[in-house]
Amino acid sequence: MAFALIFTSQACKKDEESSTPEVAVKIGAIAPDFSVADESGTFYKLSDQRGKYVVVDFWAAWCGICRTENPKMQALYTEYTDKNVEFIGVCLDENRENWQSVVVADGLTYLQLIDQQAFSSEVATTYGIQSVPFMMLLDTEGKIITFTSRVSEIESWLNQEIN
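Because the structure is predicted, anything quoted here is derived from the model rather than measured.

How each quantity is defined
Residues numbered from 1 in each chain as written. Predicted model: local features only at pLDDT ≥ 70, side-chain atom pairs only at ≥ 80, totals over all residues. Heavy atoms only, no water. Helix = DSSP H or I, 4+ residues; strand = E, 2+ residues; numbered from the N terminus. Polar contact = N/O pair within 3.5 Å; in protein donor to acceptor, adjacent residues only side chain to side chain. Contact = heavy atoms within 4.5 Å. Phe/Tyr/Trp six-rings, centres within 6.5 Å; stacked < 30°, edge-to-face > 60°. Lys NZ or Arg CZ within 6 Å of the ring centre and 35° of its normal. Expected span 1.5 Å × (residues − 1). Buried < 20%, exposed > 50% of the residue type's maximum accessible area, 1.4 Å probe, protein only. Arc of directions from axis to C-beta.

(A) Fine view of the side chain of glutamate 69. Here glutamate 69 shows up in helix H1 (residues 64-79). Polar contacts involving the side chain of glutamate 69 include one to the main-chain amide nitrogen of valine 151, which spans 2.8 Å. The residues contacting glutamate 69, other than those within four sequence positions of it, are Met135, Ser149, Arg150 and Val151.

(B) Representation of the packing of aromatic side chains. Inspection of every chain in the model, using the stated rule, returns nine aromatic pairs. Taken together, the ring pairs in this structure connect Phe34, Phe58, Tyr127, Phe134 and Phe147 into an aromatic cluster. Above the plane of the ring of tyrosine 80 lies lysine 83, whose end atom (NZ or CZ) is 5.1 Å from the centre.

(C) Representation of helix H4 (residues 151-162) within the structure. Compared with the 16 Å implied by 1.5 Å per residue over twelve residues, the 16 Å span of H4 between its first and last C-alpha is a close match. Taken as a whole, H4 has its buried residues at Val151, Ile154 and Leu158. The buried residues of H4 all sit within an arc of 55 degrees when viewed along its axis, so they share a single face. Structurally, H4 contributes buried residues whose contacts are with strand E3 (53-59), H1, strand E4 (85-92), strand E6 (134-138) and strand E7 (144-148).

In structure tokens form, the structure reads like this:
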């Protein structure tokens with residue numbers, strides 16, 4: 001059974017005033033593909049990760065909650081490095097320099113991408129992302145298992161799916 005998840009947790013919004021959005025994609029559906037660049041300008045496609053579980057973390061350098069979750073995501077990445085799980089950080093931020101400094105300051109060593117069109121980007125629009133953090137877990141076929149704004153929920157799902 002597919003359903004839309006409505007976020008009710010606190011999250012960082014660029015304008016800090018809009019209400020929590022309904023997610024535009026459904027749990028159980030194949031995640032819409034996207035292609036976003038890393039620091040060097042190399043583009044990575046979500047669909048290239050098929051065959052692995054994939055954790056995608058949409059975040060922003062200016063978001064305090066994201067900064068709190070970053071070390072937790074890094075620890076989860078370290079725990080699952082050899083367990084057929086790919087981690088992708090997608091920063092929805094117009095300020096490239098802030099993004100680069102936060103990646104270094106927070107010690108993020110998993111794949112980090114940036115979409116400087118931020119919440120106006122195709123990926124944010126496709127997924128209905130209006131606030132961050134916005135995390136999702138995909139199965140090995142690219143189907144969406146869950147959405148959340150907390151690393152602890154991703155960890156619980158990975159423990160069920162992988163261990």
